[in-house]
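Geometric and topological summary
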Amino acid sequence: MPDAASETFYLTTPIYYVNDAPHIGHAYTTVAADVVTRWHRQRQEPVWFLTGTDEHGQKVMRTAEANGVTPQEWADRLVESSWKPVLHTLDALNDDFIRTTQPRHTERVQAFIQDLYNKGEIYAGSYEGPYCVGCEEYKLPGDLVDGTGEYEGQKLCPIHGKPVEMLSEQNYFFKMSAYQDRLLALYEAHPEFVQPASARNEVLAFVKGGLQDLSISRNTFDWGIPIPWDTTHVLYVWFDALLNYATAVGLDSDDPEQQAKFAATWPASVHLVGKDILRFHAVIWPAMLMAAGLPLPTTVFAHGWLLVGGEKMSKSKLTGIAPSQIIDHFGSDAFRYYFMRAIAFGQDGSFSWEDLSARYNAELANGFGNLASRVAAMVGKYYGGVLPQAGPAGPAEQALEQVAAQAVAAAEKAIDALAIHEAINAVWTLVDATNLYLTEQEPWKVAKADEEKLPDGGSAQEGRLATILVTAAEALRSLAVLLHPITPKAAQALWESLGAAAPLGALAVQPVDGAARFGALPAGTTVTKGASLFPRLEDPVVE
Ligand code: ME8
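This write-up is about the structure you can find in this document. The shown structure was predicted, so the numbers you read here are calculated from the model rather than taken from an experiment. (Residues numbered from 1 in each chain as written. Predicted model: local features only at pLDDT ≥ 70, side-chain atom pairs only at ≥ 80, totals over all residues. Heavy atoms only, no water.)

1. With respect to the environment of Gly 310
Residue position: Gly 310 is located in the loop between strand S16 (306-308) and strand S17 (311-312). With a relative accessible area of 57%, Gly 310 lands in the exposed category. Each C-alpha atom, one on Gly 310 and one on Gly 349, is 9.0 Å from the other, the two residues being 39 residues apart in sequence. (Helix = DSSP H or I, 4+ residues; strand = E, 2+ residues; numbered from the N terminus. Buried < 20%, exposed > 50% of the residue type's maximum accessible area, 1.4 Å probe, protein only.)

Put into structure tokens, the structure is as follows:
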């Protein structure tokens, strides 16, 4: 059963295969992980965000062979040239990056499986069945689809669309079938363990259908972690990979510092994965932990697929789009915002350049960026860039502050449910309400009327204009805090433009729950109109 949560909000992404460079599907999970962990950090919680790479197995080995290098050389090359740099490109603030070829992982994995072997959870046996190298998984006959065209007469993996290979091996097995009832009891007692509901239903049906023992070693190739009691075998890549979540935070380490890290961090709060790898995380992984007597993670959340032409986008089908193709043109903030808002988190979504361009211009450039520049420009024009003293708040100001409070409450709830799109929708109610507030209050008309009343150029300080602009600036301050996890660069630029750091400190330490209380920016704060947060793109569609 999941034990009491650790003191840390610990979130992981899958560790990605290094057979190829990242595409936007991988970036999607990483960005979601970054948005959620940034949000928790901004709540002042202790957070640990882990990502990394999965480097063993046949898929990586074959790619290395095809490129004439060793698997280790290939992995080193891809990690340094692609997987680590993409985190920077995406603005992801991971706390650690684990590689499954690191000794901290391989040594701890060996200790873990030796322990399971000693406990009688692993036995020697033989297996024959269809294997998909793309998935690195033995398939059940019912999982397969019939090939057509060049694959006529062959059985294909439904995810990769490629023929499976028949494998027959003597290997070691994990007694997974013994965990069927305990897993069902887990799903029953903890509906939050597998999310969303569609994923939970799939897992329940799968486990109710009966579990087989799991083949966990291979002896026809050697690119993997040697089985400690029989080094003619290497560990099955998934058994090795799943353990990364625990080895990275110190599982089975002799080092007291690592042991303290493990105590403070494990179990994970959320394993964020794509639905393609749900069963590994929601069935095999908890069974492994149960066998070892370790606490279980709180939640495995499976998001949907990015589709291109109605199919899962993938490099092997040549539909992969590199994140830089989008980011070079639209910027990392727009990338993060678009994928997190346009697709309901947990469901599939189709990517299209047209939709991205349309949302960029309508929501980021016109809706948000333009609002920020208009307010800064008016404070510049009417008050020389110094925030005036606001007059008393009237019904319109109170209503806007109320919208801000509701936006914070709704966004907080949505983040806890990992409904990232709903959190952004909630934040956007404040963008829209602030735009509406300005349209209705017409500060430019109030300024004109003030000027007419005071032809000698006398001060409008005490007037309505000050109240309107300060209120709009307060709404923007709230938005900077709320958008910081989602569009960190624009939020930081807005924070600077509002001159908020001097009175309030760094944006990263602004608590979310206080974000909606107006009156935080004192009179005298310097507001400057910086570069446009999201410049309108006249011809933004690129291919
Ligand atoms: O499965 N849409 O690694 P992987 C959305 N090494 N997300 C996608 C996607 C798409 N079209 N394509 C990939 C592995 N992803 C294993 C994981 S974990 C212990 C081991 C994302 O490189 C999504 O998160 O094939 C998916 O689950 C993951 O990349 C698969 O990455």
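2. Description of unusual backbone geometry
The residue after Gln 195, namely Pro 196, is reached through a cis peptide bond having omega -5°. By secondary structure assignment, the location of Pro 196 is in the loop between strand S9 (194-195) and helix H6 (197-208). Omega for the bond connecting Trp 266 with Pro 267 falls within 30 degrees of zero, at 5°, which places this linkage in the cis form. As for its placement among the helices and strands, Pro 267 is situated in the loop between helix H9 (256-265) and strand S14 (270-274). One non-glycine residue, Leu 418, lies in the positive phi region at around 55°. Note that Leu 418 resides in the loop between helix H14 (395-416) and helix H15 (420-441).

3. Quick word on the site of the ligand
Lining the immediate environment of the ligand, one finds 24 residues, of which Ile 15, Thr 29, Asp 54, Asp 276 and Leu 306 sit closest. Residue Asp 54 places a side-chain N or O atom 2.7 Å away from a nitrogen atom belonging to the ligand. Measuring from a nitrogen atom of the ligand, one finds a backbone N or O atom of Leu 306 at 2.8 Å. About the coverage of the ligand: the protein hides 96% of its 670 Å² of free accessible area. Going through the elements one at a time, strand S1 (9-17), helix H1 (24-42), helix H7 (237-242) and helix H8 (244-247) are the ones with two or more residues in the shell around the ligand. In terms of residues, the shell around the ligand owes the most to one element, S1, which gives 4 residues. When grouped by side-chain class, the residues that make up the shell around the ligand number 12 nonpolar, 9 polar and 3 charged. (Near = heavy atom within 4 Å. Polar contact = N/O pair within 3.5 Å; in protein donor to acceptor, adjacent residues only side chain to side chain. Areas by Shrake-Rupley, 256 points an atom, 1.4 Å probe, with all protein chains shown as cover. Nonpolar A, V, L, I, M, F, W, Y, C, P; charged D, E, K, R; others polar.)

4. A few points about the sheet that holds strand S11 (residues 217-218)
Two strands in a sheet stick together by hydrogen bonds in their backbones, pointing the same way (parallel) or opposite ways (antiparallel). One open sheet holds the 3 strands; their spatial order is S11-S13-S12, and the pairing between them is antiparallel. Two strands lie at the open edges of the sheet, namely S11 and strand S12 (226-227), each paired on one side alone. Alignment of S11 against strand S13 (residues 230-235), held across 2 bridges, turns out to be antiparallel. Bridging across to S13, Ser 217 finds its partner in Leu 235. (Pairing = 2+ DSSP bridges.)

5. Some remarks on the environment of Val 386
Residue position: Val 386 is located in the loop between helix H13 (353-383) and H14. Between the C-alpha atom of Val 386 and that of Asp 213, which follows or precedes it by 173 residues, the distance is 70 Å. Setting aside anything within four residues of it in sequence, one finds Val 386 in contact with Val 379, Gly 524 and Thr 525. (Contact = heavy atoms within 4.5 Å.)

6. A few points about the pattern of salt bridges
Going through the model one piece at a time under the given rule, you end up with 24 salt bridges. Two residues, Asp 95 and Arg 41, come together in a salt bridge whose shortest N-O distance is 3.3 Å. With Asp 95 in the loop between helix H3 (71-90) and strand S3 (96-99) and Arg 41 in helix H1, the pair connects residues that are 54 residues apart, well separated along the chain. For Asp 95, a relative accessible area of 33% corresponds to the partly exposed category. Arg 477 is paired through a salt bridge with Glu 474; the nearest N and O atoms lie 2.8 Å apart. Highlighted residues: Arg 477 and Glu 474, both in helix H17 (residues 464-483), separated by 3 residues, approximately one helical turn. (Salt bridge = Lys/Arg side-chain N within 4 Å of Asp/Glu carboxyl O.)

7. As for the environment of Ile 415
With respect to the helices and strands, the residue Ile 415 is situated in helix H14. Taking the C-alpha atoms as reference points, Ile 415 and Met 166, separated by 249 residues in sequence, lie 44 Å from one another.

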